[in-house]
There are 2 protein chains.
Amino acid sequence: MRLGTVLYILGWFLLFFAAALLVPAAIAFLYGEPLTPFLASAGISALVGLGLLLSLQPAKDIGYREGFAVVVFSWTAAGVFGALPFVFAGYLGFVDALFESVSGFTTTGSTVFSSLEHLTKSIHFWRAFSQWLGGMGIIVLSLAILPLLGIGGMQLYQAEMPGLTKDKLAPRIQDTARILWGVYIFFTLLEVLLLLAGGLDWYESFCHAFTTLATGGFSTRTASIAAFGSAYVDYVIVFFMFMAGVNFTLHYRFLKGDFGAYFRSEEFRFYFWVGLFGLLICLIFNHGRIYQDPLENLRYSLFQVWSIMTTTGYGTADFDLWHPVCRLLLLNLMFFGGMAGSTGGGIKQVRLLIFFKFIGFQFRKLIHPKAVEIVRYDGAKVPNEIVQAVLGYMALYALVFMGASLLVTAQGIDIITATSAVAATLNNIGPGLEGVGPTKNFGWLPSFSKLVLTFCMLAGRLELYTVAILFTRSYWRGLRWPVFRFRHVSERRDPFR
Amino acid sequence: MRLGTVLYILGWFLLFFAAALLVPAAIAFLYGEPLTPFLASAGISALVGLGLLLSLQPAKDIGYREGFAVVVFSWTAAGVFGALPFVFAGYLGFVDALFESVSGFTTTGSTVFSSLEHLTKSIHFWRAFSQWLGGMGIIVLSLAILPLLGIGGMQLYQAEMPGLTKDKLAPRIQDTARILWGVYIFFTLLEVLLLLAGGLDWYESFCHAFTTLATGGFSTRTASIAAFGSAYVDYVIVFFMFMAGVNFTLHYRFLKGDFGAYFRSEEFRFYFWVGLFGLLICLIFNHGRIYQDPLENLRYSLFQVWSIMTTTGYGTADFDLWHPVCRLLLLNLMFFGGMAGSTGGGIKQVRLLIFFKFIGFQFRKLIHPKAVEIVRYDGAKVPNEIVQAVLGYMALYALVFMGASLLVTAQGIDIITATSAVAATLNNIGPGLEGVGPTKNFGWLPSFSKLVLTFCMLAGRLELYTVAILFTRSYWRGLRWPVFRFRHVSERRDPFR
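Since the model is a prediction, treat every value here as computed from it, not as a measurement.

Rotating chain A by 180 degrees and moving it 0.0 Å along the rotation axis overlays it on chain B with an RMSD of 0.0 Å. The superposition of one copy onto the other is thereby described by a two-fold rotation axis. When the interface residues of chain A are mapped onto chain B, 100% of them are again interface residues, pointing to one common binding face.

Moving on: the confidence of the model for chain A. All names here are of chain A. For chain A, mean pLDDT is 90; residues scoring 70 or higher make up 94% of the total. For residues 162–169, every residue scores under 50 in pLDDT, and the model assigns this stretch ten contacts once sequence neighbours within four places are set aside. Here residues 489–497 scores under 50 on pLDDT; set against residues more than four positions off or in separate chains, the count is nine contacts. Here the predicted complex carries an ipTM of 0.89, next to a pTM of 0.91.

We now examine the environment of Leu366(A). Positionally, Leu366(A) belongs in helix 14 (residues 349–367). Put simply, Leu366(A) and Ile413(A) are 47 residues apart on the chain and 43 Å apart in space, counted from C-alpha to C-alpha. The contact partners of Leu366(A), leaving out residues within four places of it in the chain, are Tyr64(B), Phe68(B), Leu149(B), Gly150(B), Ile151(B), Tyr465(B) and Ile469(B).

What follows covers the interface of chain A and chain B. Tallying the contact residues gives 54 residues for chain A and 54 residues for chain B. For the interface between chain A and chain B, the tally reads two salt bridges. A salt bridge links Lys365(A) to Glu385(B); its shortest N-O distance comes to 3.4 Å. Our count for the chain A to chain B interface comes out at four residue pairs in polar contact (both at pLDDT 80 or more). Of all the secondary-structure elements, those providing two or more residues to the side of chain A that touches chain B are helix 3 (64–88), helix 13 (324–336), helix 14, helix 15 (384–409), helix 16 (415–426), helix 18 (465–468) and helix 19 (473–476) of chain A. The element best represented in the side of chain A that touches chain B is helix 15 of chain A, accounting for 13 residues. Each residue belonging to the side of chain A that touches chain B can be placed in one class, and the counts come to 34 nonpolar, 15 polar and five charged.

Turning to the packing of aromatic side chains, a few remarks are in order. Applying the stated criterion to the full structure yields 93 aromatic pairs over all chains. Look at Tyr184(B) and Phe248(B): their rings are 5.9 Å apart centre to centre, the planes differ by 65 degrees, and that puts the pair in the edge-to-face class. With a gap of 64 residues between them, Tyr184(B) in helix 6 (residues 169–197) and Phe248(B) in helix 9 (residues 248–255) connect regions that are remote in the sequence. By the burial criterion, Tyr184(B) is buried, and Phe248(B) matches it. Each residue in the set Phe242(A), Phe254(A), Phe259(A), Tyr262(A), Phe263(A), Phe268(A), Tyr271(A), Phe272(A), Trp273(A) and Trp306(A) is aromatic and connected to the rest through ring pairs, giving one cluster.

Criteria and cut-off values
- Residue positions are given per chain, counting from 1 as you read along its sequence in written order.
- Naming scheme: in the order in which they are written, chains are lettered from A and ligands are numbered from 1.
- The model is predicted, so local features are restricted to residues of pLDDT at least 70 and side-chain atom pairs to those at 80 or more, both for listing and for counting; the totals for chains, interfaces and linings are taken over all residues.
- The side-chain numbers reported here are obtained from all heavy atoms of the structure, hydrogens and water having been left aside.
- For the least-squares superposition of copies, only C-alpha atoms count, and only for residues with pLDDT at least 70 in both.
- Note on definitions: a residue-residue contact is assigned when non-hydrogen atoms from the two residues lie within 4.5 Å.
- Scored between 0 and 100, pLDDT is the confidence that the predictor attaches to each residue.
- Working definition: helices are DSSP H or I runs of at least four residues, strands are E runs of at least two. Numbering for both runs from the N terminus.
- Any Lys or Arg side-chain nitrogen located within 4 Å of an Asp or Glu carboxyl oxygen qualifies as a salt bridge.
- Within 3.5 Å is the distance limit for a polar contact, defined as a pair of N or O atoms, with the added protein rule that one can donate a hydrogen and the other accept it, and that residues adjacent in sequence qualify only through two side-chain atoms.
- Under the scheme applied here, ten amino acids are nonpolar (Ala, Val, Leu, Ile, Met, Phe, Trp, Tyr, Cys and Pro), four are charged (Asp, Glu, Lys and Arg), and all others, including Gly, are polar.
- For Phe, Tyr and Trp, rings pair up if their centres lie within 6.5 Å, where Trp contributes its six-membered ring, and each pair is then called stacked (planes under 30 degrees apart), edge-to-face (over 60) or tilted (otherwise).
- Buried residues are those whose accessible area, probed at 1.4 Å on protein chains only, stays under 20% of the maximum for their type, while exposed residues exceed 50% and partly exposed ones sit between those limits.

Right, dumping it as structure tokens:
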């Protein structure tokens, strides 16, 4: 592990980050709001970034181990430096600001604000913009970086994008990123136009398009999407939530003219049917109980099921008042999440699909003990080690879920609130049940719980192993400390350090 | 699948079952209580059994597929015919009686009775005796039959008992059974003596020794073990619950003079430390909140942690009033259960141990992608397919848990009650939380929920795949219908049927 190289890359990251902070500063200028929170934050980011760039000497190329650290350090830095505007604007203390900022960059959407209307437009914009940037990061992470790092079966997507190979990492990632971001920006602008057509103003259209495509779920309104009270807006947003939960390479293929791309994907079909199944259950149990009118039932059930499953977390109804089976179902759907390669969180549809196939495989193995059975996915057989990686991923997921839930309950939080808060953050959804339900917020939780949940957001977003591996001793074995330029020259140039 | 052979074996089973029903009949005679419920049930069992024996012609030997059906049919038959005394005594309707009876033979200990003191002594004895018989069955099932059927990694225990091999199934099972039952009876009698020394009468000593060794948890008192109000009794029972949760081959080795047998077993050490960890957390969070006196705290926390983890389910304290972290911890410990080869339920300690090792293995694999890593257990490497079987077992467990929870909540039961009821029955524990907490019972649940939970008890006890495989189509492919003796002779003798 060449820590110096990792920090050098982080330096560049912070420079770009400072540039990103100028966008909400421009919005503040436009609306005549204070510029200081953003300019000060941008200044600090730029200074730290420059400091790292000037004092470190990077290695020519980065390896496999450095990859993990770059990913985790970048997201953590985005969380930390992105928290500064909330602090400088005087809205939040640092722990709360960190929670809110990490909730943004991980596209979670859990908030500590009990009401949103008193925030300045520029701070709102920063919340939405941070989710949009986080969504961009996630697409590239899941389709270009994780497959190379071999995390949790993401190797399935290794050949997904043209020419993605292990050697020559950087240029390929750039190519992949360019293509995918094009699609991402296209959908964002499309949603902006459709929301404008629904009567929203430019500002709110952008804010909500940003957080829909990122499956983030931050809204400019305390009542979330319900505030607009428009069926048209609801359906537009459902459509884009659905799209945001789809692997972006499928969108790319579709836009290139391959119209069968979606339904040819086994994961897409699974994603589609799981959502439809959830919708059906909610429709049945809400009918006559919560909604008398079938159309109203459809509108709210459809919205809530896809909002939760794609891990967006927008609300148009207080689903915490729904029938217990709907609440438990939504709690389960939280773990399904989006497809791999989407901006959605959760365990990812493909992993659950392979999980179910693996159970079937075990049955066949019991009935025909000597037959060599395999798990097939998308028409090809899945190598055994990828199946194992998927199972290992889910195993660690279960472990982190239980560990974090115990830590939160240890502070006296009741079981449903605690477990649903962990589920909502680990899966990057937003709201949970009971004390952190859709009409509540995370502000009242003890600071320690907030930090645990902040960790969950990061760990869930970065697919667990990326983060967890940094806590193992063997990862750090062979650590090369950074060589700072102000050290003695002969030491710096030592090629073996 | 030769269904005729399976039913023929079931015929023998029912004859033995009828004989077992004569024991509570004798108790009824002793205490001057009505004999009819037991004699009528015994008569019906014997008649059905004889009918099957006389009209069916078995194959010479039973195969692999027949094994699954024999196991599932026997336990189901025990549940159904064991329910008759409750019905004939006029205490319960059939669904409730079935729940109570299956709860007995699966050594679960969940009850539909809101108070127990009004039951006759002979019915109490039948409840306790059914658990004791169920415990006997489980020991042989898990150490002699499941390893041969290849269920969920139990192949680990294939070589555990001397000379257990796939060929010559029946005589080996008998040898194994004789040895293990000797140990089981020895511990039962030892506990009877120690309980007698604590001031319990013969009758209650036997009833509680039966249900402790079976990790069953049925008591003759509504207040469970708390009714005796004796620290001595509590500690005696904790000791035997602990022992009942240990693999009985370890007891056998210990009694043969191999005093290091326990701590040489990696699973035993895991079982020991997991329980100790749970105890520590409960001690900390109960201290000063629930119990002021450290000794009192130790007594109740120790009892409850081991009662839940070994899946016994006796109560000396209402742990549903404990701190949320203790309640969630106990809910988690429910899944750990006893060691494989004990009478305890749950997922089994060894599977969780391998689960944790597998997570570690995935970490090592990420850091050293090319290294061929393996999971080691008890000093030997675990074949890949056994690790997969363990993971597949846990995957199906999670699936059944969620499916059953959804079915129970669908009837309007709240989430904590529903999920803890499923956890308590699937893991064969007894009490859950909230509506089915330690001071409550299962009697108020809707009939459909009771049937779902009855299924959970059976599925959990028989290690899921045994039951689940009977629901697959390919298991029944090649089914040979029973040849009844009253059919035409030439058809009966057809060797290819």
